[in-house]
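Structural characterization, general
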Amino acid sequence: MVEPNLSTKVQLFISGRSLKDLDSWSKSDPYCSVSIYDSVRGCYVDFSRTEVLKDNLNPDWTTAVELDYYFEINQPLLFVVYDYDSSSSSEEVGRVETTLGHIVGAGTAFLDIERRNGSKSGKVIVRAEELRESREIYFLQFKGKKLDKKDFFGKSDPYLVFYRLRSDGQWLKIHSTEIIKSNLNPIWQPFEITSQKLCNGDPNCQIKIECWDWDRNSSDDFIGEVNTTVSGLSIAGVKLPFINGKIKNKKKNYQNSGQLQVAQYCVKREYSFIDYLRGGTQFRLVTAVDFTASNGEYSDPHSLHHINPNQPNEYQRAMWAVGSILDNYDSQKYYPVFGFGGKPRTSTQTDHCFPLNGNRENPFVPGVYGIMQAYETAQSNISLSGPTLFQHVLRSAIAVAQSTPPQQVYYVLMILTDGEIHDMRETKSLVVEASSLPLSIIIVGVGNENFRNMEALDSDEGLLRDDNGRFAKRDIVQFVPFKKFGGNPQLLAKEVLAELPQQITGYMKMIGHEPVFTEQVPMNQLGPSAPEEYQ
């Protein structure tokens, strides 16, 4: 499970284009107000505003707005452009509502602003840029040479402990290696550590490396320490002496207690979720809906599939909540939608993976509204049946995920189901297979079943293992029962989408893909119409 409410800091840079001129004898003096939606109060509250630019209908404001961005949360924003007249009076030029997810997904968002009477009054252009801390990762490996022998009946069992010097002069422990038994010339396993953790982004930060001899029945024995910097470790083949101060003070001809040699030193950049978005990676939603008989007949008001124009059912609320967030990150906005466990009108047998739009050659529908419409229309064409099998839907999702280059599209399969599955063995095997593909799986439990067996697929305690002994390469399944959130679709979306940014960065790292960035057009060179790369 990821840390809840894990955020990324972003800055928003704002420009206006072709703003409506509200002054009679000169041009407007515009500034832009940014408000965030307060869900507790149920209204927008002022958050920040830009500076005023005199006589300018195409302003490029320099004031940046800093926000915490949460991928899994819908974060509405309100931009209002005013014409400044005095400290007590300003006239509204126009306004527009959007979401932070839409801006981050677009990179640069071109937004039409409107007067309160609905007339167009220009555009606001908003660009999101990630606020970066150090994003480097160090790959390190060390060897010991001729370490002091500390054990009376055998050789030392050495391990290393790493510290960095904090700004307050205290040493902070940051890493320990494994213990190597009975070896005075150990080669420790390579490891990786972020620049932030190793040296707080400063390669000249003081680093202390202690070498200890592990003892089973008494306290560990100190062999010696090395004081250096990260820069000092970067010298190829460098050998640094372990110094034991107590022994040095006692022995007249003391040289060292062994040597530390850098066996591997490599620095790579750690790419973020937003980096991959900027590099062109898109999310694509694949939806699969349970049409087994346990849902209850459509006409029954208690049916989980019952359509009430005034009260969307749990299937509809889940589709909309998850789909409306992922929709921000797909420029094509065409999504495949499947049903399983039902009998299409054209068949006499239960089908465990059929397109809801009835088109097996092209199961894609336009946008989230298309998903909702396909679901509602399907009810007149699908008879409820059973049993509940996931394997056919998973095979279709795997085929879709294999159909595009892995670095271009990352797929999210959302399975909506009301009960326990009857093909757990096959499902586990296919999830293990899918873990090597650009695919994550969200399972939403609808209704009041306990879904106890479904928890086995959500491997928060370790990687999933199938019945053949194969382990998944990574954790790709998130299971959540809708009832856990009291019917609140926003809380559901927040829970099931929280792990996706880390899943996509983990996948790209696994396949060794680094995003290729295209140079962005400077804000002051953008016109009111979006260039092709922003459409």
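Residues numbered from 1 in each chain as written. Predicted model: local features only at pLDDT ≥ 70, side-chain atom pairs only at ≥ 80, totals over all residues. Heavy atoms only, no water.

Details of the packing of aromatic side chains
The line we're drawing: Pairing of aromatic rings covers Phe, Tyr and the six-membered ring of Trp, with a centre-to-centre limit of 6.5 Å; geometry is then stacked below 30 degrees between planes, edge-to-face above 60, and tilted otherwise. Only runs of H or I of at least four residues qualify as helices and only runs of E of at least two qualify as strands under DSSP, and these elements are numbered from the N terminus. For every residue, the accessible area (1.4 Å probe, protein chains only) is compared with the maximum for its type, and the residue is labelled buried under 20%, exposed over 50%, or partly exposed between those bounds. Both a distance and an angle decide whether a charge sits over a ring: NZ of Lys or CZ of Arg must be within 6 Å of the ring centre and within 35 degrees of the ring normal.
Within the structure shown, the criterion is met by 22 aromatic pairs. Residues Phe340 and Phe390 carry aromatic rings whose centres are separated by 5.8 Å and whose planes lie at 85 degrees to one another, so their mutual orientation is edge-to-face. Residue Phe340 is located in strand 18 (residues 334-340), and its partner Phe390 is located in the loop between strand 22 (382-384) and helix 8 (391-401); the two are separated by 50 residues in the primary sequence. A single burial state applies to Phe340 and to Phe390, both of which are buried. Taken together, the aromatic side chains of Phe71, Phe273, Phe283, Tyr329, Tyr410 and Tyr507 make up a single cluster linked through ring pairs. In this structure, Lys208 packs its charged tip against the face of Tyr163, placed 5.1 Å from the ring centre.

Things to note about the packing of helix 8 against helix 9 (residues 424-434)
Our working definition: Here an angle of 0 to 180 degrees is reported between the N-to-C directions of two axes, which are lines fitted to C-alpha atoms, with helices fitted over the stretch in contact. Roughly parallel covers angles under 35 degrees, roughly antiparallel covers those over 145, roughly perpendicular covers 65 to 115, and oblique covers all other angles. With the far helix as reference, a near helix turned anticlockwise by less than a right angle produces a left-handed crossing, and one turned clockwise produces a right-handed crossing. Note on contacts: a residue pair qualifies if any of its non-hydrogen atoms lie within 4.5 Å across the two residues. Note that Gly is not counted as nonpolar here; it falls among the polar residues with everything else outside the nonpolar set of Ala, Val, Leu, Ile, Met, Phe, Trp, Tyr, Cys and Pro and the charged set of Asp, Glu, Lys and Arg.
For the pair helix 8 and helix 9, the least separation of the axes is 9 Å and the interaxial angle reads 15 degrees. Considering their axes alone, helix 8 and helix 9 lie roughly parallel with respect to each other. The chirality of how helix 8 crosses helix 9 is left-handed. Along the contact surface, helix 8 presents Gln391, Leu394, Arg395 and Ile398, while helix 9 presents Glu426, Thr427, Leu430, Val431, Glu433 and Ala434. The residue inventory of the contact of helix 8 with helix 9, partitioned by class, reads five nonpolar, two polar and three charged.

Remarks on the sheet that holds strand 14 (residues 221-229)
The condition is simple: Strand pairing requires that DSSP identify at least two bridges connecting the strands.
Spatially, 11-10-13-14 is the arrangement adopted by the four strands of the open sheet, whose pairing is antiparallel. The two strands at the open ends of the sheet, each matched to only one other strand, are strand 11 (171-176) and strand 14. Along the sheet, successive strands turn relative to each other by an average axial angle of 25 degrees, direction set aside. Two elements, strand 10 (residues 158-165) and strand 13 (residues 206-213), share seven bridges in a ladder whose sense is antiparallel. By the bridge assignment, Tyr163 is partnered in strand 13 with Lys208.

Things to note about unusual backbone geometry
Residue Pro387 follows Gly386 across a cis peptide bond; omega there is 0 degrees. A positive phi is found at Asp55, a non-glycine position, where the angle reads about 45 degrees. Residue placement: Asp55 occurs in the loop between strand 3 (43-49) and strand 4 (65-69). A residue is classified by how much of its surface remains accessible, and Asp55, at 43% relative accessible area, is partly exposed. Residue Ser182 is not a glycine yet carries a positive backbone phi of 50 degrees. Structurally, Ser182 can be placed in the loop between strand 11 and strand 12 (191-194).

Description of the packing of helix 6 (residues 314-326) against helix 10 (residues 489-497)
Two numbers describe how helix 6 lies on helix 10: the axes approach to 9 Å, and their chain directions differ by 55 degrees. The orientation of helix 6 relative to helix 10 falls into the category oblique. Viewed along their axes, helix 6 and helix 10 form a crossing whose handedness is right-handed. Between helix 6 and helix 10, the residues in contact are Arg317, Ala318, Ala321, Val322, Ile325 and Leu326 and Pro489, Leu492, Ala493, Val496 and Leu497, respectively. Residues of the contact of helix 6 with helix 10, tallied by class, amount to ten nonpolar, no polar and one charged.

Remarks on the nonpolar core
Operational definition: Side-chain atoms within 4.5 Å are what join buried Ala, Val, Leu, Ile, Met, Phe, Trp, Tyr and Cys residues into a set we call a nonpolar core.
In this structure, Leu12, Phe79, Phe291 and Leu497 are the most contacted members of the largest nonpolar core, which totals 74 residues. Beyond its immediate sequence surroundings of up to four residues, Leu497 is in contact with Phe71, Glu72, Val322, Ile325, Leu326 and Ile442. Val432, Leu437, Leu457 and Ile476 belong to the second largest nonpolar core, which has 34 residues in total.

Here we look at the state of the cysteines
The criterion, for reference: The term disulfide is used for any two cysteine sulfur atoms that are within 2.5 Å.
As enumerated under the stated definition, the model contains zero disulfides in all. Not engaged in a disulfide, the cysteine Cys205 finds its nearest cysteine sulfur in Cys199; these two sulfurs lie 6.1 Å apart.

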